[in-house]
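Tertiary structure, described
The lines below spell out each chain.
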Amino acid sequence: GERPSAFRLVQFEPFHFNPMNVKRFKDISSRFRSEEIVCFYHKEAEAYLTYRRNLGNQAVFRTSNRTAIKSRKKASWMWKVEAQVVYNAGSHIVCADSSFYRIKHIVSNRYLIQNGDKLEVTDDYLAPGTLFSFRSFAKTSSEEFVHNLGLIYIRTQTGRAIQQHFEEDTVSATSGADSPIAVG
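Rules used throughout
Residues numbered from 1 in each chain as written. Predicted model: local features only at pLDDT ≥ 70, side-chain atom pairs only at ≥ 80, totals over all residues. Heavy atoms only, no water. Core = buried A, V, L, I, M, F, W, Y, C linked by side-chain atoms within 4.5 Å. Buried < 20%, exposed > 50% of the residue type's maximum accessible area, 1.4 Å probe, protein only. Helix = DSSP H or I, 4+ residues; strand = E, 2+ residues; numbered from the N terminus. Contact = heavy atoms within 4.5 Å. Salt bridge = Lys/Arg side-chain N within 4 Å of Asp/Glu carboxyl O. Polar contact = N/O pair within 3.5 Å; in protein donor to acceptor, adjacent residues only side chain to side chain.

On to the nonpolar core, then. Counting residues in hydrophobic clusters, the biggest one holds 26 residues, and the most contacted among them are Phe-40, Trp-79, Ile-103, Leu-112, Phe-134, Val-146 and Ile-154. For this core, the elements supplying multiple residues, two or more each, are β2 (7–11), β3 (37–42), β4 (47–50), β6 (79–83), β7 (96–105), β9 (118–122), β10 (132–136) and β11 (151–156). Beyond its immediate chain neighbours, meaning those up to four positions away, Phe-40 contacts Phe-7, Arg-8, Leu-9, Ala-47, Tyr-48, Leu-49, Trp-79, Val-81, Ile-103, Phe-134 and Ile-154. One finds Val-10, Cys-39, Tyr-48 and Trp-77 within the second-largest nonpolar core, a separate group that totals five residues.

Printed below as a string of structure tokens:
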């Protein structure tokens, strides 16, 4: 079956980290910006969104217990959220159905794309289905921005949520197992 999925964006490498700014401006420094390298962590399945060329064009969830911020992450988990237009590069990622972003896999240089009821990757960043928006997980939240480790939904341009397609035992699967992704 399928069900809506909550994700956490985990910063892959805080290369711009400045302890003084974090201490003085906690709220601003916790906001994600486009062009930052992130990992999409599926909270319920305890899995990272991943892509490897040997999978063809299919993106999958890869289960892992590497959830600590400082724990080593795999390169296949590295994604970049790109602003739809160049002049918005580096701006804060907004939680709104009207703000769209492209999700680029760093290692392969390919873009996440909605292809019917599944997620794949493509070389054509302008292809229909490559735009996604983010929404806060909390129903009552008026949260305007995506924050580091905050729970979010990822939605396609057509308004469908990215979900995990799972069998009943997938959530408790051993580390390293792949599971497919559905668009609901």
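The final tally for this structure, using the stated rule, is eight salt bridges. Between Lys-80 and Glu-82 there is a salt bridge, and its shortest N-O distance comes to 3.5 Å. Comparing Lys-80 with Glu-82, the two get one shared label, buried. Across the pair Glu-82 and Lys-104 runs a salt bridge, and its minimum N-O distance is 3.8 Å. Separated by 22 residues along the polypeptide, Glu-82 in strand β6 and Lys-104 in strand β7 bring together distant segments of the chain.

Within the secondary structure, Lys-80 is located in strand β6. You can call Lys-80 buried: its relative accessible area is 16%. There is a polar contact of 3.1 Å between the side chain of Lys-80 and the side chain of Glu-35. Beyond its immediate stretch of four places on either side in the chain, Lys-80 contacts Glu-35, Glu-36, Arg-102, Ile-103, Lys-104 and Ile-106.

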